[in-house]
Amino acid sequence: MTVRKLRIVTQVLFFLFFLYLFWITSEISGRLIPVDLFLRADPLLAVTGIIAARAIIPAMFISVVVIIATLLLGRVFCGWVCPMGTTLDLTSRIGNTANRYKLNKTHHLKYYLLIGFLVASILGFQLVYHLDPISLITRTFTVVILPILVKSFNFIFNLLFNIKPLQIPLLQIQSSMVDSLLPLEPYFFQSAFVLGLIFTIIIGFELYSRRTFCQSVCPLGALLGLLCKPQILTRKVDEDGCTMCAQCQDVCKTNAIPDDYHETELRECIQCFNCVDTCPENVITINFTGAAQQHKTDFTRRKLVFAGAGGIAGAAFTGISFIRPDESSKLIRPPGTVSEKEFVERCVRCYQCIRACATSGNFLQPSLLEGGWESLLSPYGVAATGYCEFNCTLCTEVCPTDAIKELDMETKHKTIIGLAFFDKNRCLPYKDGTPCIVCEEHCPTPEKAIQFNEEEYTYPDGSSRVIKVPYVVENLCIGCGICEYKCPVEGAPGIYVTNQTERSYNTGLYGYP
Amino acid sequence: MSGHTNRREFIKTTGLLTAGTMLGISGSLWAEIPGNELPSIVVVKNGSPAENTRKAVALLGGMGRFVKKGDTVVVKPNIGWDRKPEQAANTTPEVVSETIKLCFESGADKVLVFDNTCNNPKRCYANSGIAEAAEDAGAIVSYMADAGYKEYDMPEATHLKKWAFYSLAMEADCIINVPIAKHHGIAELTLGMKNLMGVMGGMRGRIHWKIHQYLPEIAAFVKPELTIIDATRILKANGPQGGNLDDVERLDTIIASPHIGTADAYATDLFGKKPTDIGYIINGPEYGLGEIDIEKMNLRIETI
């Protein structure tokens, strides 16, 4: 087996491993491997996260492994491991994409983006999530690809369900898949269209030229490229045997071979071994001996300054944008969030929490602008789509940056994420004397946070009757939102949860005197 | 719908049949012994959940009275909540598995177990212990699929005219209703009739609006052949999902009756209530759901 084939096998295995971790994110219990492993191993998320939050994030120390590997071996992570890279390779293989060498003119762009993101993180804004490949691919799988697969499955399921003898076998298949792979219901995300579009554009560029995203945009690739300097695994060309056929340049995924084919742009080389395999004269080797002929394009100082300024501008525009208070009142953060500020600084929008929640309570959604630009696309609870399951701690277990702290069950049961309020103009017992209290039925706290008084209600025809009228017991309510989700009132619900940040973060301001 | 009518006719005919009350003889044999009148409701106490269940069914004439050879049977427990058995929010797993075994012993071809849960179904099925117990007993346990719900007209109902029910339940040859007895805010108690909401789709919360009128109509429409009320543990407050073990009382009791209204009426006694305290029980006889006056019931109480 050639090293190139070994690389392909490794890529497939890592990709399958990534998918496996993605699946088991929703397992109720018994996960032996941290499902956020790929995210934790991402040095870019670690560096920007630690800088932006001004905090040590121990979970991310594992990214040191990738840093050391890059120092010694170059960008093997990009070529052999990265699930985004493998997705793109798969795309270009299916699309039979050619290489366009002139793309090497855009290699600089990713370094400028990196500098911009680093500057923003120094200013306390974690913006790298927009383009970090691990975050991007995990997010896209959660919000776009899995829902499409689930919808497709359900479409076929519903079609076949019309055939009576197939019903029971179909239910058995579905139930066993729900236990392992599928969520129970197709789920929907409000930002799926936007995120799907971004992903489509990235895939689209892959059909233009191979690894376009990695060459030109990926800030993680840029960071790893900068670490390549002392690497010992390098490409060498035996100049005597080389016939200058240029085939190596053609097959180089990242255009790391300049017009002098003997040279290598080490920062760009992802150690894919395509050139070694392709060379008809067998004069290319990649090994641990000696230094290569390095080709280096330098950055212009002017552009570096502009990139830094771009980061400052990005941070500034984010920081000065307006948040409508009525909108932000809907930002119910996952349990285990310590404070809104810290949450926004740490969250890298990987949507592991949303992935975990989708098959549990279906509560967490990516925000749009509910919390302003600073918390764009951040996860928050929407009681219209689901609710926070009382006995579930999944989202707290899968956060790579500890934006959501891990909670044990006992703590989770008492963790306040919001507070429920009755809209007495819509709640039926208040509005027209209809008995209801579905909210009380579903309220999960052992001593119910929704209780009722029995009151006499006089109807328009003069008759009267004693009905149960619900109310919220404020110091028992944890804001899980099941009352809003299950409220049977058509249209806007008769009870709703809002965030109660100061109450949630235990400032001592709330509670009965 | 034809299967539905058949079941109903089947009950009428078999209900007229009489049988003895000895243990250990299969249901089909009971039906052949003439002359003895079967109790309309039985209460068995103090045995294990499985023993109580088996004895109760035997006292009613055996499962063969309800399940015929080759039948597809739906055993409908309460799996509504993500709670553990000791929290008494769901039916005791042993009661469910024993019921399934009895169905197979009477020649059932398939036993289906499902419930439209209130919490996440995966969590409810797993943490209630019911999915595992039912599968071990040989039943087909599945989550309820959207495609399985169909809108049904309810011509005999005066309040609820139309609703989505699970077609696999409605088309089954026999439904064995296995609720747990517990407290419930709006319905006062959730027993046999309330448990049938688990084969309904749609926005079920709306059933609460006229719950005492709707529940008997639903029970008359779904018409389970047998109701086995699990009172191994009962939940006396903060129902229907509880969570506080202080609200749970251990009774080790099983109540069984082919008449859902009779079973529900008797079960009120476990909570120190009267049948006439609860609207949907009062309205039951109007729909032919059985005697609700405990004094007038053909009742048989056994202690193991």
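Rules used throughout
- Counting of residues starts from 1 at the beginning of each chain's written sequence and follows it residue by residue.
- Starting at A for chains and at 1 for ligands, labels are handed out in the order in which the entities are written.
- Selection of residues for local features in this predicted model requires a pLDDT of at least 70, selection of side-chain atom pairs for listing and counting requires 80 or more, and totals for whole chains, interfaces and linings are taken over all residues.
- Excluding hydrogens and water, the side-chain values take into account all heavy atoms of the structure.
- What counts as a helix is a DSSP run of H or I of at least four residues, what counts as a strand is a run of E of at least two, and both are numbered from the N terminus.
- The rule is simple: take the accessible area with a 1.4 Å probe, protein chains only, and divide by the maximum for that residue type; under 20% is buried, over 50% is exposed, in between is partly exposed.
- Only heavy atoms enter the contact rule, under which two residues are in contact if any of them lie within 4.5 Å.
- Areas reported here follow the Shrake-Rupley algorithm with a probe of radius 1.4 Å; residue values treat only the protein chains shown as occluding.
- To estimate the expected span of a helix, count its residues, drop one, and scale the result by 1.5 Å.
- Salt bridge criterion: a side-chain nitrogen from Lys or Arg within 4 Å of a carboxyl oxygen from Asp or Glu.
- Polar contacts, as counted here, are pairs of nitrogen or oxygen atoms within 3.5 Å of one another; within protein the pair requires one atom able to donate a hydrogen and one able to accept it, and residues that are adjacent in sequence qualify only if both atoms are side-chain atoms.
- By the convention adopted, Pro, Cys, Tyr, Trp, Phe, Met, Ile, Leu, Val and Ala count as nonpolar, Lys, Arg, Asp and Glu as charged, and the other residues, Gly among them, as polar.
- For every residue, the predictor assigns a confidence score, pLDDT, that lies between 0 and 100.
- Like-charged residues are merged into a patch within 9 Å and nonpolar side chains (Val, Leu, Ile, Met, Phe, Trp, Tyr) within 5 Å, provided each residue has over 30% relative accessible area and no salt bridge.
- Domain delimitation in this document rests on an assignment produced automatically or drawn from a domain database.

### A look at the overall build of chain B
- Check the secondary structure of chain B and you find 11 helices and 12 strands.
- Every one of the 304 residues in chain B was classed for burial, and the buried ones make up 64%.
- Excluding contacts between residues fewer than 6 apart, the proportion of contacts in chain B whose partners are at least 24 apart in sequence is 72%.
- Taken as a whole, chain B presents about 10,700 Å² of accessible surface, with 49% of it coming from carbon and sulfur.

### Here's the deal with helix α15 (residues 301–320) of chain A
- Compared with the 28 Å implied by 1.5 Å per residue over 20 residues, the 28 Å span of α15 of chain A between its first and last C-alpha is a close match.
- Summarising the contacts, the buried residues of α15 of chain A are in contact with α7 (107–122) of chain A.

### Some thoughts on the interface of chain B and chain A
- The interface of chain B with chain A comprises 40 residues on the first partner and 46 residues on the second.
- Counting across the chain B and chain A interface gives three salt bridges.
- The partner of Glu441 of chain A in a salt bridge is Lys194 of chain B, with the nearest N and O atoms 3.6 Å apart.
- At the junction of chain B with chain A, the criterion picks out 19 residue pairs in polar contact (both at pLDDT 80 or more).
- The set of elements that each furnish at least two residues to the side of chain B that touches chain A consists of β3 (110–113), α5 (121–127) and β4 (140–141) of chain B.
- For the side of chain B that touches chain A, the leading source of residues is α5 of chain B, giving three residues.
- Along the lines of polarity and charge, the residues of the side of chain B that touches chain A split into 15 nonpolar, 14 polar and 11 charged.

### Examining the confidence of the model for chain B
Residue and element names in this part refer to chain B.
- A residue-level look at chain B finds 88% of positions with pLDDT of 70 or above and a mean pLDDT of 89.
- Between residues 1–5, whose pLDDT stays under 50, and residues either more than four places distant or in other chains, the model counts six contacts.
- Residue range residues 10–35 is modelled with pLDDT below 50. Its contacts to residues more than four positions away, or to other chains, number 40 contacts.

### Some words on a nonpolar patch on the surface
Residues and elements named next belong to chain A.
- Together, Met1, Val3, Leu6, Val9, Val12, Leu13 and Leu16 line one region of the surface with nonpolar side chains, adding up to about 660 Å² of accessible area.
- Residue placement: Leu13 occurs in helix α1 (residues 3–24).
- Of the residues examined, Leu13 reaches a relative accessible area of 53% and is grouped as exposed.

### Looking at the domain arrangement of chain A
- For chain A, the assigned domains are domain 1 (1–324) and domain 2 (416–513).
- A C-alpha centroid distance of 47 Å is found between domain 1 of chain A and domain 2 of chain A.

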